[in-house]
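Spelled out from the first residue to the last, the chains are:
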Amino acid sequence: MFTGIITGVGRIAALDALGSSLNHGKRLHIEAPPGYLNDVGLGDSIALNGACMTVTSLDLPQHQFTIDISAESLARTTGLAQIGTRINLEKALRASDRLGGHIVSGHVDGVGTVTRFAQIGESWELRVMAPPQLGKYLAYKGSITVNGVSLTVNQVQDHADGCEISINLIPHTVDHTALGSLTAGAAVNLEIDTVARYVERMLGATQTPSPESVA
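Residues numbered from 1 in each chain as written. Predicted model: local features only at pLDDT ≥ 70, side-chain atom pairs only at ≥ 80, totals over all residues. Heavy atoms only, no water.

A. Spotlight on unusual backbone geometry. One non-glycine residue, Lys 141, lies in positive phi territory at about 70°. Inspection of the secondary structure puts Lys 141 in the loop between strand E8 (123-130) and strand E9 (143-146). (Helix = DSSP H or I, 4+ residues; strand = E, 2+ residues; numbered from the N terminus.)

Structure representation (structure tokens):
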């Protein structure tokens, strides 16, 4: 479990193939900020650009750790398969931690596309086109996770090819996450609000089944 409050920005230092076919995943060597891994152990969970991964090895002198990512996870996420890519890091939530963002599971629900990233006054406007199937979960003043960062939706516009959301980023967020390097056309990992997911399930469960569905 996570909160979407980024605790460090890392970099993919190296990639190793875990097999020779497309059905095999990759081993990522992640370079973290100095001291970031001091309280991390083998088997701990760290979210990489919003995707929850398991630490499989540690190299504290080099400030690096590794994770193994499956071909399925690579196919359903973005930004985790290129050496040199800067990525947002968040360690798993502890019971005593402050919930500064919102409840985040670290499970990517879809990949969106940045349609605009521009400075407006002292802040930045980030617009993202989400896949059509995620549109029903996005609401004005609702929460969304973009590349692991907990953000508030300021505007929602439904289109035939998806749902475009507008988000305001304060300078602190731009300076202390990897979101500052985004450009129009970039792909981003999206996770919808967990509460919205359960609301949909509960509403669906209260509907009267049609005769066809119970036949």
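B. Region of the structure containing the packing of aromatic side chains. Within this structure, the stated rule accounts for one aromatic pair. Relative to Trp 124, the ring of Phe 117 has its centre 5.1 Å away and its plane inclined at 20°; by these criteria the two rings are stacked. Note on Trp 124: relative accessible area 24%, which makes it partly exposed. Over the face of the ring belonging to Tyr 36 we find Lys 91, whose NZ or CZ atom lies 4.3 Å from the ring centre. (Phe/Tyr/Trp six-rings, centres within 6.5 Å; stacked < 30°, edge-to-face > 60°. Buried < 20%, exposed > 50% of the residue type's maximum accessible area, 1.4 Å probe, protein only. Lys NZ or Arg CZ within 6 Å of the ring centre and 35° of its normal.)

C. How the structure looks around the side chain of Asn 88. Residue placement: Asn 88 occurs in strand E6 (residues 86-91). At 2.9 Å, the side chain of Asn 88 forms a polar contact with the backbone oxygen of Asn 147. A distance of 2.6 Å separates a polar atom in the side chain of Asn 88 from the backbone nitrogen of Ala 178. When sequence neighbours within four positions are dropped, the list of residues in contact with Asn 88 reads Ile 6, Gly 8, Val 9, Ala 47, Leu 48, Asn 49, Asn 147, Val 149, Thr 177, Ala 178 and Leu 179. (Polar contact = N/O pair within 3.5 Å; in protein donor to acceptor, adjacent residues only side chain to side chain. Contact = heavy atoms within 4.5 Å.)

D. Region of interest: the sheet that holds strand E10 (residues 149-159). Overall, antiparallel pairing links the six strands, which are arranged E7-E8-E11-E10-E9-E12 in a closed barrel. Direction aside, neighbouring strands of the sheet carry axes that sit 45° apart on average. Alignment of strand E7 (residues 110-120) against E8, held across seven bridges, turns out to be antiparallel. Directly across from Val 114, in E8, lies its bridge partner Val 128. (Pairing = 2+ DSSP bridges. Axes fitted to C-alpha atoms, helices over the stretch in contact; angles between N-to-C directions.)

So, to be careful, I would describe these as geometric facts and stop short of saying anything about function.
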